[in-house]
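# Observations on chain architecture
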Amino acid sequence: MASAVPPPRRSEVLSLFRSLLRTAREFADYNIREYTKRRTIDAFRQNRDLSDPSAVSAAFSDGKSQLEVARRQAIVYSLYAPKVKSVMEIKH
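This structure is a prediction, so every number in the text was calculated from the model and none was measured. (Residues numbered from 1 in each chain as written. Predicted model: local features only at pLDDT ≥ 70, side-chain atom pairs only at ≥ 80, totals over all residues. Heavy atoms only, no water.)

## Section: the layout of surface pockets
As a reminder of what qualifies: Cavity means a closed set of points on a 1 Å grid over the protein atoms alone, one where a 1.4 Å probe fits but cannot get out, pocket means an open set with protein on both sides within 12 Å along at least 5 of 7 lines, and lining means a residue has an atom within 4 Å of a point. Grid points are joined across faces, edges and corners, and a volume is the space filled by probe spheres set on the points. We count a stretch as a helix when DSSP gives it H or I for four or more residues in a row; a strand needs E for two or more, and each element gets its number in order from the N terminus. Three classes are used: nonpolar for Ala, Val, Leu, Ile, Met, Phe, Trp, Tyr, Cys and Pro, charged for Asp, Glu, Lys and Arg, and polar for all others, with Gly counted as polar.
If you add up the space inside the largest pocket, you get close to 820 Å³. Considering the residues around the largest pocket, the lining is formed by 29 residues, among which L20, T40, A43, F44 and G63 are closest to the centre. Those elements that place two or more of their residues in the lining of the largest pocket are α1 (10-25), α2 (30-46) and α3 (53-79). Residue composition of the lining of the largest pocket, by class: 19 nonpolar, 6 polar and 4 charged.

## Observations regarding a nonpolar patch on the surface
Worth spelling out the cut-off: The patch calculation keeps residues exceeding 30% relative accessible area without a salt bridge and links them within 9 Å when they carry like charges or within 5 Å when they are nonpolar (Val, Leu, Ile, Met, Phe, Trp, Tyr). Method for areas: the Shrake-Rupley scheme with a 1.4 Å probe, in which residue coverage is limited to the protein chains shown. Definition used for salt bridges: Asp or Glu carboxyl oxygen within 4 Å of a side-chain nitrogen of Lys or Arg.
On the surface, I75, V76, Y77, L79 and Y80 cluster together into a nonpolar patch covering about 560 Å² of accessible area. Turning to its location among the elements, Y77 is positioned in helix α3.

## Considerations on the side chain of T36
To keep it simple, the criterion reads: For every residue, the accessible area obtained with a 1.4 Å probe (protein chains only) is divided by the maximum for its type, and the residue is called buried under 20%, exposed over 50%, and partly exposed between those limits. Any N or O atom pair separated by 3.5 Å or less is treated as a polar contact, with the protein-specific requirement of one donor-capable and one acceptor-capable atom, and with residues adjacent in sequence counted only for side-chain atom pairs. Between two residues, a contact is recorded if the distance between any of their heavy atoms is within 4.5 Å.
Here T36 is to be found in helix α2. Given a relative accessible area of 14%, T36 falls into the buried group. A distance of 2.8 Å separates a polar side-chain atom of T36 from the backbone oxygen of I32. Not counting the four nearest positions on each side in its chain, T36 is found in contact with A24 and F27.

## Looking at the side chain of T40
If you trace the backbone, T40 turns up in helix α2. Given the relative accessible area of 7%, T40 is considered buried. Leave out the neighbours within four places in its chain, and T40 touches F17, L20 and L21.

## Details of the packing of aromatic side chains
Cut-off, in case you're wondering: Under the pairing criterion, centres of Phe, Tyr and Trp rings, with the six-membered ring standing for Trp, must be within 6.5 Å; the plane angle then separates stacked pairs below 30 degrees from edge-to-face pairs above 60, leaving the rest tilted.
Counted under the stated rule, the structure contains 2 aromatic pairs. Both rings, one in F17 and one in F44, keep their centres 4.9 Å apart while their planes meet at 70°; by these two values the pair is edge-to-face. Separated by 27 residues along the polypeptide, F17 in helix α1 and F44 in helix α2 bring together distant segments of the chain. Judged by relative accessible area, which is 23%, F44 ranks as partly exposed. Between F27 and Y77 the ring centres are 5.7 Å apart and the planes differ by 80°, which places this aromatic pair in the edge-to-face class.

## Comments concerning the UniProt feature "domain: Complex 1 LYR protein" (unreviewed entry) in the chain
Definition in use: UniProt positions are given in the numbering used here, feature names are shortened, and annotations may be inferred rather than shown by experiment.
Under the local residue numbering, the UniProt record ascribes the feature "domain: Complex 1 LYR protein" (unreviewed entry) to residues 12-69. Note that residues 12-69 is 83% helix and 0% strand, and that its end C-alpha atoms are spaced 18 Å apart.

Encoded structure:
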């Protein structure tokens, strides 16, 4: 019989959330940065009411894999960042 993975603690979930938002700030492009931030917040809101431990563990695991993807993409995007700022980033 396989041992079930315990669901993540609240502190681990909050740490994942903060890490995803921190990674979103690393994107140089405004549109990608805002999309990543919005997608993170929406995903956590969508999964807020999960109560099944296996569903919580699956969502947490998916979040960790998304964090790794976002970190890799932030590095790649920084290599090819646009030289001109977005209109949304220009302060008047």
